[in-house]
Amino acid sequence: MLYEQIRQDAEKGMKAGVDSFERRISTIKAGRATEAVLDGITFSYYGTETPINQAATVSIPEARLLVIKPWDKTNIAPIEKAILKSNIGITPQNDGEIIRLPFPALTEERRKEYTKEVDAYAEDAKIAIRNKRRDSMDEIKKSEKSGDVTEDDRYTLEDEIQKITDKYIKSIEDIAKKKNQELMNV
């Protein structure tokens, strides 16, 4: 029972680290339009902070253009202000009906900066996964001392935890490699 719980807790924590990493890098723009840049941007909708995609239709008609069409035209100005305040690096263009977010083409220098940012996030995620491994290993040792886990089970479980760790570290590396290729692709 305890054996399986330690394993599941380790896997759950490491999976959360990978998910967090994916969310973090999804906001890094690769020179093409993505709805992910709006994640976390809210505006005041009748006194309630509301995500943009819950009060407007968001579409991508072209590779480098994001279009936001608010369901209520009175929300155009607050949405535009929220985008400007969010500091995403894109200036919204408002024509009274819709808001356009033109994504500029990335320079080679900017692409390299973004890949460094992705690599830094990947390293943070790997550290979080290794910390979870360390916590799990400590839990295993405590369980062995208290007699809940045998010495043989401890070695088996430590081996499983290491395999899980390796799997999620590789997952982080694969995701980072794919994102960096996407960023460097002209």
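Taking an unreviewed UniProt entry as the reference, the protein is identified by name as Ribosome-recycling factor belonging to Anaerococcus kampingae. Check the Subcellular location (unreviewed entry) section of the UniProt entry for the protein; it says "Cytoplasm".

Asks: Give me the lowdown on the side chain of Asn180, citing residues and values where you can.
Replies: Among the secondary structure elements, Asn180 is positioned in helix α4 (residues 151-184). In contact with Asn180, other than residues within four places in its own chain, are Thr115, Val118 and Asp119.

Asks: Can you break down the environment of Ala10 residue by residue, with the values?
Replies: Among the secondary structure elements, Ala10 is positioned in helix α1 (residues 2-26). A residue is classified by how much of its surface remains accessible, and Ala10, at 0% relative accessible area, is buried. Separated by 125 residues in sequence, Ala10 and Asp135 place their C-alpha atoms 8.4 Å apart. In this structure, Ala10 is in contact with Lys132, Ser136 and Ile161, ignoring residues within four places of it in sequence.

Asks: Requested: an account of the nonpolar core, with residues and values cited.
Replies: Core analysis: the biggest nonpolar cluster contains 25 residues, and Met14, Phe21, Ile25, Ile28, Ile129, Ile161 and Ile172 have the highest contact counts within it. Breaking this core down by element, the ones donating at least two residues are α1, α3 (108-146) and α4. Of all the elements, α4 adds the most residues to this core, at nine residues. If we ignore the near neighbours within four places in the chain, the residues touching Ile172 are Gly17, Val18, Phe21, Ala122, Ala125, Lys126 and Ile129. Core analysis: the second largest hydrophobic core is formed by 19 residues, Ala55, Ile79, Ile90 and Ile99 among them.

Asks: Give a description of α3 that names residues and reports values.
Replies: Each α-helix turn comprises 3.6 residues. Residues three or four places apart therefore point the same way. For α3, spanning 39 residues, the distance from its first C-alpha to its last is 57 Å, which sits close to the expected 57 Å at 1.5 Å a residue. Immediately downstream of α3, the backbone of Gly147 shows phi near 90 degrees, a positive value.

Asks: Which residues make up the packing of α1 against α3, and what are the values?
Replies: Where α1 contacts α3, the two axes come as close as 9 Å, and the packing angle between them is 170 degrees. By the angle class used here, α1 and α3 are roughly antiparallel. Facing α1, whose interface residues are Leu2, Ile6, Asp9, Ala10, Gly13, Met14, Gly17, Val18, Phe21, Arg24 and Ile25, α3 presents Val118, Tyr121, Ala122, Asp124, Ala125, Ile129, Lys132, Arg133, Ser136, Glu139, Ile140 and Ser143. Taken together, the residues that form the contact of α1 with α3 break down as 13 nonpolar, four polar and six charged.

Asks: Help me get a handle on the sheet that holds strand β4 (residues 65-70), residues and values and all.
Replies: Sheets are built from strands that pair by backbone hydrogen bonding, the pairs being arranged parallel or antiparallel. Sheet architecture is open: four strands sit in the order β3-β4-β6-β5, paired in antiparallel fashion. Where the open sheet ends on each side, the last strands, each with one partner, are β3 (56-62) and β5 (93-94). Note that β3 and β4 share five bridges and pair antiparallel. Its bridge partner lying in β4, Ala56 is registered against Pro70.

Asks: So what's going on with the side chain of Ser136? Residues and values would help.
Replies: Turning to its location among the elements, Ser136 is positioned in helix α3. Ignoring sequence-local partners within four residues, the contact set of Ser136 consists of Ile6, Ala10 and Ile161.

Asks: Please give an account of the pairing of strand β2 (residues 48-51) that cites residues and values.
Replies: Where strand β1 (residues 42-45) and β2 come together, four bridges link them in antiparallel fashion. The residue of β2 that forms the bridge with Thr42 is Pro51. Between β1 and β2, which pair antiparallel in sequence order, lie two residues; one of them, Tyr46, sits at a positive phi of approximately 50 degrees.

Asks: Can you explain the pattern of salt bridges? Please cite residues and give values.
Replies: With the rule as written, the count across this model stands at 16 salt bridges. Between Arg7 and Glu11 there is a salt bridge, with the nearest N and O atoms lying 3.2 Å from each other. Taken together, the residues Arg7 and Glu11, both in helix α1 and four residues apart, mark about one turn of the helix. Measuring nitrogen to oxygen at the nearest pair gives 3.6 Å for the salt bridge that ties Lys179 to Glu182. In this pair, Lys179 and Glu182 both sit in helix α4, three residues apart, roughly one turn of the helix. Each of Glu4, Arg7, Glu11, Glu160 and Lys167 takes part in one network of salt bridges that share partners.

Rules and cut-offs
Residues numbered from 1 in each chain as written. Predicted model: local features only at pLDDT ≥ 70, side-chain atom pairs only at ≥ 80, totals over all residues. Heavy atoms only, no water. UniProt positions renumbered as here; feature names shortened; annotations may be inferred. Helix = DSSP H or I, 4+ residues; strand = E, 2+ residues; numbered from the N terminus. Contact = heavy atoms within 4.5 Å. Buried < 20%, exposed > 50% of the residue type's maximum accessible area, 1.4 Å probe, protein only. Core = buried A, V, L, I, M, F, W, Y, C linked by side-chain atoms within 4.5 Å. Expected span 1.5 Å × (residues − 1). Axes fitted to C-alpha atoms, helices over the stretch in contact; angles between N-to-C directions. Parallel < 35°, antiparallel > 145°, perpendicular 65-115°, else oblique. Nonpolar A, V, L, I, M, F, W, Y, C, P; charged D, E, K, R; others polar. Pairing = 2+ DSSP bridges. Salt bridge = Lys/Arg side-chain N within 4 Å of Asp/Glu carboxyl O.

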